[in-house]
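Residues per chain, in single letters:
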Amino acid sequence: MTAAARLAAACALVAGGCGLGVGPYQPRRDAYATAGGARADLHFDEAERRAAHQAAKRQRVRELGGGETPMYAFGGGYYVGIKQGVSQTRAGDGAWSARVYAFEVHAGFFHAVLRDRVVLGTSLFAVGYGTGDRAATSSARYVGAGGELAVKLGVTDSLSLRTAGGRLHGRATLEEAMVEEDATTGAWRAAAGLDWVVARVHGNDLVLTTEAQLARTGEITLLGQPRNVEARALLFELVLVGI
Amino acid sequence: MRSSSHIVVLVAGIAILGLLPACAAGFGAPGPGAAGIVRVKGPGTYVEPGCVGWCRAVYRDGYVKRDGPGFKVMFGTKLGVTDGSFAARAATLGTTGEPHLDVSFVPRSDRWAVTATAGYLFQTLWYDDATVSYRGLAPSVAFHWGLRRRVYVHGGLGRGFGSLVVTPDGAEDGVSAGAGQHRALAGASFVFRRTPSIDFALRVEANAYTTGEVPLGTERGALRGWGVTFQGLLSRF
């Protein structure tokens, strides 16, 4: 690996794997997008934050078209970020490739339901599996973009389980004996993982997200044979969530 | 392998670079639904009587106000994709960008707003043998209607005063001609984040456009198509 490649990899590790968001990223965090004001001395106290949070939620205003609505409180939120980790790919019933770097750029919208016990969400993403595997003489890659629906269930105040399923569209590439062919195709993807609130920074959650993914294309003809391309990945992300 | 890596980097780069510039910032909520919200300007902080800690802030005269009617200003850039065609060429995908300055008027009723936009339009369509682009001033007017406090829709009309350029692949200069453009706009805005000092909203807008018949080299025809742009809106009070 050249120095430039190492530098690029280091930059990718630092810049990648991070996300920013606002709102109910985690269930059971009472994560409504509110603002209870801020103290000039930047002193943070969890009890005070909760009191301010609840006070802000009580502020109400006339809704357009009748009724009332919270002035600031809102059960929805959004986030953007980059997951990174490792992936493996294979074509048909072939062997899984070596583990290689993979990452995903994504943006999503979430909403808390059932009194903040469950968070539902939807995300758009662009993902690459099986890239950078230069040593293998036979390999499969899949690069695509798509969307998914996610459900997060709170286990404790700081831990939640997340599952997601979605559809993506992209390009599968197979390389065997120095011959390469690609085909555009759709794929289904399932993901499951854990979200863990590792720290709270001035009232914002710092959440470590880990996720296992499995993607599978439909049957496509590559290098003369009909086959599916599969990818599996283990990705992580550190998300700073303003609540 | 190398080409695939480049594709991933390209996709990621476009996604990141696409998210960052597609933002706008301004003063005052640019649409309906924000009147009556307590806004804080300066060191005054919103307060809940009886609260302690973070709630123990004080309304200071001159710093805290109720959001209300008036003129709002916003500037930023819309970014998106377009599906268009020129003359006898088939429709193809391209990109669109529009740096713009908005001035909105929100009345006391808070149910509607009118926005006048002065923008500069960049549209590019990529063909196998050439690039077709349109650039020019693009003023527009839109009417916003508030469905809820956090959701409003809008529709509008616009004009383009620019030039159409066809640049063959490999050539440095293309053939250009002045062309007026008619545009129709429709979209929706959603306020994700509302605090006493900011509103953060996402706006998605669809557009349809057509120019008049323009002779360009051996071709003659109109640039027609439609597209979608998106934008994050940060309002400061």
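It should be emphasised that the depicted structure is a prediction, and the values quoted were computed from it without experimental measurement. (Residues numbered from 1 in each chain as written. Chains lettered and ligands numbered in written order. Predicted model: local features only at pLDDT ≥ 70, side-chain atom pairs only at ≥ 80, totals over all residues.)

Focus on the overall build of chain A
Helix and strand content of chain A: two helices and 13 strands. Counting every position in chain A, which comprises 243 residues, the buried fraction comes to 44%. (Helix = DSSP H or I, 4+ residues; strand = E, 2+ residues; numbered from the N terminus. Buried ≥ 20, exposed ≤ 12 C-beta atoms within 10 Å, placed from the backbone.)

Let's talk about the overall build of chain B
Of regular secondary structure, chain B possesses one helix and 13 strands. Written out in order from the N terminus, the α and β elements of chain B read α-β-β-β-β-β-β-β-β-β-β-β-β-β. For chain B, buried positions account for 39% of its 237 residues. Expressed as a percentage of contacts within chain B between residues at least 6 apart in sequence, the contacts between residues at least 24 apart total 62%. (Contact = placed C-beta atoms within 7 Å.)

Here's the deal with the nonpolar core
Counting residues in hydrophobic clusters, the biggest one holds 24 residues, and the most contacted among them are A:Ala102, A:Tyr129, A:Tyr142, A:Ala172 and A:Ala215. Every element with two or more residues in this core is listed here: β4 (76-91), β5 (100-113), β6 (118-129), β7 (138-154), β8 (159-176) and β13 (229-242) of chain A. (Core = buried A, V, L, I, M, F, W, Y, C linked by C-beta atoms within 7 Å.)

A short note on the pairing of strand β10 (residues 198-211) of chain B
Residue and element names in this part refer to chain B. Side chains of β10 alternate between two faces, with Asp-199, Ala-201, Arg-203, Glu-205, Asn-207, Tyr-209 and Thr-211 buried and Ile-198, Phe-200, Leu-202, Val-204, Ala-206, Ala-208 and Thr-210 left unburied. For strand β9 (residues 175-194) and β10, the ladder comprises 13 bridges, and the chain directions are antiparallel. Bridged to Arg-193 within β10 is Phe-200. By the bridge criterion, 13 bridges tie β10 to strand β13 (residues 223-236) in an arrangement that is antiparallel. Note on β13: the bridge partner recorded for Ala-208 is Trp-226. (Pairing = 2+ DSSP bridges.)

Some points on the confidence of the model for chain B
All names here are of chain B. Scored by pLDDT, chain B has a mean of 83; 81% of the residues are at 70 or more. Across residues 1-5 the pLDDT falls below 50, and counting only partners more than four positions away or on other chains, this stretch makes nine contacts in the model. In this model, residues 53-57 is a region of pLDDT below 50 whose contacts with residues beyond four sequence positions or in other chains number 23 contacts. (pLDDT = per-residue confidence, 0-100.)

Structural notes on the environment of B:Arg150
Tracing the chain through its elements places B:Arg150 in the loop between β7 (130-146) and β8 (151-168). Spatially, the C-alpha atoms of B:Arg150 and B:Arg194 are 8.9 Å apart, while their sequence positions differ by 44 residues. Residues within four places of B:Arg150 in sequence aside, it is in contact with A:Phe74, B:Gly33, B:Phe190 and B:Val191.

Things to note about the pairing of strand β6 (residues 112-126) of chain B
Residue and element names in this part refer to chain B. The pairing of strand β5 (residues 92-106) with β6 spans ten bridges and is antiparallel. Looking across to β6, one finds that Gly-97 is bridged to Phe-122. Between β5 and β6, which pair antiparallel in sequence order, lie five residues; one of them, Asp-110, sits at a positive phi of approximately 65°. Two elements, β6 and β7, share 15 bridges in a ladder whose sense is antiparallel. Bridge pairing in β7 links Thr-115 to Ala-142. Counted between consecutive antiparallel strands, the loop separating β6 from β7 contains three residues.

Some words on the environment of A:Arg28
Residue and element names in this part refer to chain A. Here Arg-28 shows up in the loop between β1 (18-22) and α2 (46-58). On the basis of neighbour counts, which here come to 22 C-beta atoms within 10 Å, the residue Arg-28 falls in the buried class. A C-alpha to C-alpha distance of 6.0 Å links Arg-28 and Gly-154, two positions 126 residues apart in sequence.

Brief notes about the environment of A:Asp205
Along the chain, the position of A:Asp205 falls in strand β10 (residues 204-217). Each C-alpha atom of the pair A:Asp205 and A:Gly242 lies 6.5 Å from the other, and the pair is 37 residues apart in sequence.

Brief notes about the confidence of the model for chain A
Residues and elements named next belong to chain A. Of the residues in chain A, 79% reach a pLDDT of 70 or more, and the chain-wide mean stands at 81. Looking over chain A, one finds the lowest element-wise mean pLDDT in helix α1 (residues 3-15), namely 61, and the highest in β10, namely 91. Below a pLDDT of 50 lies the segment residues 35-40, which in the model reaches 17 contacts outside its immediate sequence neighbourhood of four places, other chains included.

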